[in-house]
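One letter stands for each residue in the lines below.
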Amino acid sequence: MAYNHYTKPPVINEESIDTDAYAPHEQTTRRRLITLTDNTKMTIRNTPAVVRVPNFVAASDPESYYYSLLIQYMPYRNETELLGEFNSARDAFLANEESLRQTNAYLEIYRERDRQLENTFAQVHAFQILEHAEPMELDHEEEVPYLPMNEDQFLQAKQSMNAGQKEIFTLVTQSIQNQMSGAEERLKIFFTGGAGVGKTFLLKLIRDQINRCYAKDAVKVCSLTGVAARLINGATIHCTLKLPVQKDGRITGMSPLSGNYLRIMRQQWHQTEFLIVDEISMVSYQMLCMMDARLRQIKNCENEFFGGVNILLFGDLLQLPPIKRSGTPVFKQPEHLQPATHLWRLFTLCELTVNMRQQGDQTFIDILNALRVGELTTQHFSILMGRLLQDTSDEFAIDKALRVYPTNQQVNDHNSAVLNLYRNNGARIYKIKAQDQLVHATRNADNVDIATIIPADINKTGGLPAELEISVGAKVMLRSNIDVSKGLVNGAIGYINEIVWPQFRRTQMYATDVPSVRIDFARDGVHLIHPKAIQFPAKYNYGTAERRMLPLILSWASTIHKMQGSTVDHAVVYLGAKLFEEGQAYMALSRVRSLQGLRIEKLDCDKLTGKKPCNNEALNELNRMRNKN
Ligand SMILES: Nc1ncnc2c1ncn2[C@@H]1O[C@H](COP(=O)(O)OP(=O)(O)OP(=O)(O)O)[C@@H](O)[C@H]1O
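Residues numbered from 1 in each chain as written. Predicted model: local features only at pLDDT ≥ 70, side-chain atom pairs only at ≥ 80, totals over all residues. Heavy atoms only, no water.

Side note on the packing of aromatic side chains
To keep it simple, the criterion reads: Side-chain rings of Phe, Tyr and Trp (the six-membered ring for Trp) are treated as a pair once their centres are within 6.5 Å; stacked means planes under 30 degrees apart, edge-to-face means over 60, and tilted covers the remaining angles. Only DSSP runs of H or I covering at least 4 residues are called helices, and only runs of E covering at least 2 are called strands; the numbering of each starts at the N terminus. A ring is scored as having a charge over it whenever the NZ atom of a lysine or the CZ atom of an arginine sits within 6 Å of its centre and within 35 degrees of its normal.
The tally for this structure, following the rule as stated, stands at nine aromatic pairs. An angle of 40° between the planes, with centres 5.9 Å apart, marks the rings of Tyr66 and Phe93 as tilted. Residue Tyr66 is found in helix 1 (residues 62–73), and its partner Phe93 is found in helix 2 (residues 89–103); the two are separated by 27 residues along the sequence. Among the aromatic side chains, those forming a connected cluster through ring pairs are Phe190, Phe306, Trp344 and Phe347. In this structure, Arg212 packs its charged tip against the face of Phe154, placed 3.9 Å from the ring centre. Over the ring of Tyr542 we find Arg443, and its NZ or CZ is 4.3 Å from the ring centre.

Here's the deal with helix 11 (residues 362–372)
Counted only if it meets this: Burial here depends on accessible area, computed with a 1.4 Å probe over protein chains only, as a share of the maximum for the residue type. Under 20% is buried, over 50% is exposed, and the range in between is partly exposed. Any two residues whose heavy atoms approach within 4.5 Å are treated as being in contact.
For helix 11, the set of buried residues is Phe364, Ile365, Ile367, Leu368, Ala370, Leu371 and Arg372. Buried residues belonging to helix 11 abut helix 12 (378–385), helix 14 (584–589), strand 24 (598–603), helix 15 (605–609) and helix 16 (616–628). Phi for Gly374, located one or two positions after helix 11, is positive at around 75°.

Overview of the sheet that holds strand 20 (residues 543–549)
Applicable threshold: Here a strand pair is declared whenever DSSP counts at least two bridges between the two strands. To obtain each axis, a line is fitted to C-alpha atoms, and for helices this fit is confined to the stretch in contact; angles are then taken between N-to-C directions over 0 to 180 degrees.
Across the sheet, which stays open at both edges, the three strands sit in the order 13-20-19 with antiparallel pairing between neighbours. Where the open sheet ends on each side, the last strands, each with one partner, are strand 13 (435–441) and strand 19 (532–537). Looking at each pair of strands side by side, their axes are set apart by 25° on average, direction ignored. Across six bridges, the pairing between strand 19 and strand 20 is antiparallel. Bridge pairing in strand 20 places Pro537 opposite Thr544.

A short note on the packing of helix 9 (residues 259–269) against helix 10 (residues 285–298)
Under the convention used in this document: Working definition: roughly parallel below 35 degrees, roughly antiparallel above 145 degrees, roughly perpendicular at 65 to 115 degrees, and oblique for all remaining angles. The nonpolar class holds Ala, Val, Leu, Ile, Met, Phe, Trp, Tyr, Cys and Pro. Asp, Glu, Lys and Arg form the charged class, and all remaining residues, Gly among them, are polar.
At a minimum axis separation of 9 Å, helix 9 and helix 10 run at an interaxial angle of 90°. One finds that helix 9 runs roughly perpendicular with respect to helix 10. Facing Leu262, Met265, Arg266 and Trp269 of helix 9, the residues of helix 10 in contact are Leu295, Gln297 and Ile298. Its residues placed into classes, the contact of helix 9 with helix 10 shows five nonpolar, one polar and one charged.

Describing unusual backbone geometry
Generally, phi is negative for residues other than glycine and the peptide bonds are trans, each holding for most cases. Even without being a glycine, Ala215 presents a positive backbone phi close to 55°. The residue Ala215 is located in the loop between helix 6 (199–214) and strand 6 (219–223) in this model. A positive phi is found at Tyr540, a non-glycine position, where the angle reads about 55°. Looking at the element boundaries, Tyr540 is found in the loop between strand 19 and strand 20.

Comments concerning the side chain of Ser590
Using the following cut-off: Under the rule applied, a polar contact is a pair of N or O atoms within 3.5 Å (in protein, one hydrogen donor and one hydrogen acceptor; residues adjacent in sequence only if both atoms are side-chain atoms).
Along the chain, the position of Ser590 falls in the loop between helix 14 and strand 24. Take Ser590: its relative accessible area is 0%, and that puts it in the buried class. Here Tyr586 takes part through its backbone oxygen, which lies 2.8 Å from a polar atom of the side chain of Ser590. At 3.0 Å, the side chain of Ser590 and the side chain of Arg591 are in polar contact.

Focus: the sheet that holds strand 24
The four strands are arranged 22-11-23-24 in an open sheet whose pairing can be described as parallel. With partners counted over all chains shown, the strands left at the sheet margins are strand 22 (557–559) and strand 24, one partner each. Ignoring strand direction, the axes of neighbouring strands in this sheet form an average angle of 25°. Where strand 23 (residues 571–575) lies against strand 24, five bridges are found, and the strand directions are parallel. If you follow Ala571 over to strand 24, its bridge partner there is Leu598.

Details of the site of the ligand
The condition that has to hold: Only a single heavy atom is needed: when it lies within 4 Å of a molecule or strand, its residue is near that molecule or strand. Here the Shrake-Rupley method, with its probe set to 1.4 Å, supplies the accessible areas, and only the displayed protein chains count as covering residues. Where each domain starts and ends follows an automatic or database-derived domain assignment.
In the vicinity of the ligand, 18 residues are found, and the nearest of them are Ser160, Lys199, Thr200, Phe201 and Arg591. In this structure, an oxygen atom belonging to the ligand sits 3.1 Å away from a main-chain N or O atom of Gly198. Protein burial of the ligand: of its 620 Å² of free accessible surface, 82% is covered by the chains. Taken together, the residues of the shell around the ligand sort by class into five nonpolar, eight polar and five charged. Counting contributing residues per domain, the shell around the ligand is built from domain 2 (125–351) and domain 3 (369–397 + 564–628), each supplying no fewer than three.

Here's the deal with the environment of Lys400
In this structure, Lys400 sits in the loop between helix 12 and strand 11 (402–405). For the pair Lys400 and His570, spaced 170 residues apart in sequence, the C-alpha separation works out to 8.8 Å.

Considerations on helix 12
Just so we agree on the cut-off: Note: the arc covers the axis-to-C-beta directions of the helix.
Looking only at helix 12, the buried set comprises His380, Phe381 and Leu384. The arc that holds the buried residues of helix 12, viewed along the axis, is 100°, so those residues lie on one side. Every exposed residue of helix 12 that faces more than 90 degrees away from the buried side is listed here: Thr378 and Gln379. In this fold, the buried residues of helix 12 make contact with helix 11, helix 14, strand 24 and helix 15.

A word on the pattern of salt bridges
Note the following rule: In the sections that follow, a salt bridge refers to a side-chain nitrogen of Lys or Arg positioned within 4 Å of a carboxyl oxygen of Asp or Glu.
Tallied over the entire structure, the rule returns 15 salt bridges. A salt bridge links Arg212 to Glu151, with the shortest nitrogen-to-oxygen separation between them at 3.2 Å. Taken together, the residues Arg212 in helix 6 and Glu151 in helix 4 (residues 151–160) connect sequence positions 61 residues apart.

This is the structure we're talking about:
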């Protein structure tokens, strides 16, 4: 018996009866007509036929699935009789199933056959997904559009460059001029310097300069994480280059782009002469290889590194390294990739040295410089001791200055502590649960609890949390691009003014009652944020799930990772035993403009002055590049 699988159910008509399927070449005899009691005629077939039935998956489309069973096994004259007194096909079929079983010996076999078919189709789907493994693009990482500086802004920024910044700016401009005059040179430069030396400031200026020189949109700008990308009005690397990289940094296999996807990418990159990547310390060597491979393909230039595109890398190797599971540091070629060209070694070094963020606070600059290379003295340490958080009033109150922690757990604990404080002060706290459903099942999920097949990691659910506790006054961060023209982008922070419930509710009674919230985004205004629905793969190959939820997280605290690239006036920074990575203490402390704006929560001497005060491997690499220059 042969079964066809329709992705869309076909219309069943005369053509659907496959008369050729059985003994097609038998001699044909005239068909017999019989007269029914209502005087209509019915033809009796001379040869058996295969009836093609569309296959529905019970879990994702129960109504169609049971209706198709009714049609196949229930005797009926008129389709309107099928449901009888029942409201749904499922109820009608299940009510009749037992009696159908008695009169139709094949039912059991057929239902078993359906189950087997369903599993086969699920497998086919699973393999199709592998064959068409296009990189997954999640909604909350949408590109934040870039607005070029106006003439005044551009001139002002140009004039305020320090000597080191000016030198780099000139170097890039000179190379563009050479390339426009036909020179084959392509820049591959790593721009570095400690935290706050103005790398991002320069990046923005160089981006505008490149576009001005070419008089077109000739540069793409990206960073590893969505939050870092937002700071430079760029996109994530995986979005820019369609890399199959998951949000948690894990790398999956990369297949070449093909068909329409490749055509669109080539169009998007047609004008691009430069690729700028910020926060390169978090990128792995493996990802650098993917960038090279992808650019060669997009630019249809297989024989040139990075497809002949100029590559400008910005970052500080002594800040955050890549997440361990994503690969080796960007400067370290893994053994199994040798003896291929060491891509990182194609880059030359340009270093900025003047701290612009902590300008005017030389003591703090000295401490940060010493911490960066693992040379913190006891005197530096005792100055930091003096910043330990003692009184939590004014700017450093529990719900005021941002708390910066190494782990998500600490961030969650702090957010909960603030909510509790609000609760104790009489504020009403609402627990909002996400509305989850399976929208396209590729396996039978009849008896499966939806909660068990939804990924727990918020990064795999499009940034939408399973549960959120909020109150009026809560500080929240948007996890999705709502309206980029209004500044409502992933990472925007504001305070909840009002909770707006659907259907006259005053709290969430059903999963569908996810409220909207009115948020004050300070200079970006007050906006009503509605729940957002995002689809993503369910666990265990169950198909596609959908979560509808407010795209928000509480934001009185942040992880150190999410603070990369940011500058704040006030912060309470955790420097205790839970710091787990070299460079973390340096990264966290260097966000704050001055010692005055800094308070420290817990100070673990070993973490700052112990055996591993900084990333020695990265320091060695930096020295190697300096010596080579
Ligand atoms: N030439 C400049 N004129 C005025 N302000 C500047 C200049 N360079 C940098 N700044 C300011 O100094 C602060 C730090 O700069 P920036 O964020 O660019 O440093 P960074 O090197 O990228 O730091 P990090 O490595 O921590 O991300 C910012 O507030 C930035 O606007």
